[in-house]
Amino acid sequence: MHIIKLNAIDSTNNYLKELSAKQTVTNFTVVVVKNQTNGRGQRGANWEVEDGKNLTFSVLVKDMLLDIKEVFNLNVIVAVSLFQTFVKLKIPNVAIKWANDILADKKKICGILIENQFKSTSEILSIVGIGINVNQENFINLPQATSLKNCMRQEFNKDEILLLFLNQFQNNLNLYKKEGASYFWNLYHENLFKKNTPMAFENADKVKFMGSIKQVMPNGLLEIELEDDTLQLFDIKELKMLY
């Protein structure tokens, strides 16, 4: 494990992507930054953090995914690894929100952005970007966000959290290589936010409807049972949860 610590850059994902394009970067290289100036989340949203309060980092993962059909397995393993990390920290009411958020008491404490590069050698290189709200207390205009400090009323050591997650993630990747993905998919679904619970959604056309989450498919699509008992699949860009 090689950890690169930086004071300020635009994006840890971009930094790691550019570094791997210029030179050979060892597997599980980690880039962590004190202040990320242009972090990105799902749907192209900016990831805003207070300087020095939170944990923002990216991990290079290669020699793991062998086929494009396995790509979402990595999302599942990352989400489960973060879930397990927060459980070890005794954070209450942790849940995995499709597709790439971790919640505590229904509020976001962590976001994930995974970018995959498909090489001509058939190698799949993945950059796993993670932002954890650690010691930030105020989230102006972000009522659905919270932090570890807000949950536990105590300061956290960011380096300790980083190492706790990285060890958990590395152990899970080794287990995946040996045993496959079933264990992680089971944990993912067991802790999936609002699974089998009727709730409101909004589709890409801004139309609201009721449904229940049934499962996440191997390709990452979300299966929802509608009020007429039919099943429909949605991509991350096609759906918003209203809760």
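Nothing here was measured: the structure is a model prediction, and the numbers come from that model.

Engineer: Would you mind going over the sheet that holds strand β1 (residues 2-9) in detail, with residue names and values included?
Structural biologist: Strands sit in the order β1-β2-β5-β9-β8-β7-β6 across an open sheet of seven strands; the sheet is mixed. Unpaired on one side and paired on the other, β1 and β6 (94-97) mark the two borders of the sheet. When the angles between neighbouring strand axes are averaged without regard to direction, this sheet yields 20 degrees. Sheet analysis places β1 next to strand β2 (residues 29-36), joined by seven bridges and oriented parallel. Across the sheet, I3 pairs through a bridge with V30, a residue of β2.

Engineer: Any chance you could break down the nonpolar core for me, citing the residues and the numbers?
Structural biologist: Grouped together as the largest cluster of nonpolar side chains are 67 residues, with contacts concentrated most on F57, F86, I132 and F169. Broken down by element, the residue count for this core peaks at eleven residues, all from helix α2 (residues 71-88). The contact partners of F169, leaving out residues within four places of it in the chain, are F28, V59, V61, L74, I77, V78, S81 and V128. With ten residues, the next largest nonpolar core counts V31, L60, L125 and I127 among its residues.

Engineer: Give me the lowdown on the sheet that holds strand β10 (residues 199-203), citing residues and values where you can.
Structural biologist: Spatially, the five strands line up as an open sheet ordered β13-β12-β11-β10-β14, and their pairing is antiparallel. Two strands lie at the open edges of the sheet, namely β13 (231-234) and β14 (239-242), each paired on one side alone. Averaged over neighbouring strand pairs, the angle between their axes works out to 50 degrees when direction is ignored. Across four bridges, β10 lies against strand β11 (residues 208-216) in antiparallel orientation. Residue pairing in the sheet places A200 in a bridge with M210 of β11.

Engineer: Hey, could you go over the side chain of S81 for me, with residue numbers and the actual values?
Structural biologist: Structurally, the position occupied by S81 is in helix α2. Within the structure, S81 has its side chain in polar contact with the backbone oxygen of I77 (distance 2.7 Å). A distance of 2.8 Å separates a polar atom in the side chain of S81 from a polar atom in the side chain of N172. Excluding anything up to four places from it in sequence, S81 contacts F165, Q168, F169 and N172.

Engineer: Any details on the packing of α2 against helix α4 (residues 158-179)? Residues and values, ideally.
Structural biologist: To describe two helices that pack against each other, one gives the angle between their axes and the distance between the axes. Direction vectors running N to C along α2 and α4 enclose 135 degrees, while the axes themselves pass 9 Å from each other. Between α2 and α4, the crossing angle belongs to the class labelled oblique. The chirality of how α2 crosses α4 is right-handed. For the pair α2 and α4, contact is made by N73, L74, I77, V78, S81, L82, Q84, T85 and K88 and by L164, F165, Q168, F169, N172, L173 and Y176, respectively. When grouped by side-chain class, the residues that make up the contact of α2 with α4 number nine nonpolar, six polar and one charged.

Engineer: How would you summarise helix α5 (residues 182-190) if you had to cite specific residues and measurements?
Structural biologist: The α-helix advances 3.6 residues per turn, and as a result positions three or four apart in sequence lie on the same side. Those residues of α5 that fall on the buried side of the exposure criterion are F184, W185, L187, Y188 and H189. Where α5 is buried, its residues meet α2, β6, α4 and β11.

The rules behind the values
- Residues numbered from 1 in each chain as written.
- Predicted model: local features only at pLDDT ≥ 70, side-chain atom pairs only at ≥ 80, totals over all residues.
- Heavy atoms only, no water.
- Pairing = 2+ DSSP bridges.
- Helix = DSSP H or I, 4+ residues; strand = E, 2+ residues; numbered from the N terminus.
- Axes fitted to C-alpha atoms, helices over the stretch in contact; angles between N-to-C directions.
- Core = buried A, V, L, I, M, F, W, Y, C linked by side-chain atoms within 4.5 Å.
- Buried < 20%, exposed > 50% of the residue type's maximum accessible area, 1.4 Å probe, protein only.
- Contact = heavy atoms within 4.5 Å.
- Polar contact = N/O pair within 3.5 Å; in protein donor to acceptor, adjacent residues only side chain to side chain.
- Parallel < 35°, antiparallel > 145°, perpendicular 65-115°, else oblique.
- Left-handed = near helix turned anticlockwise from the far one by under 90°.
- Nonpolar A, V, L, I, M, F, W, Y, C, P; charged D, E, K, R; others polar.

Honestly, that's just the spatial picture; any functional story needs more than this.
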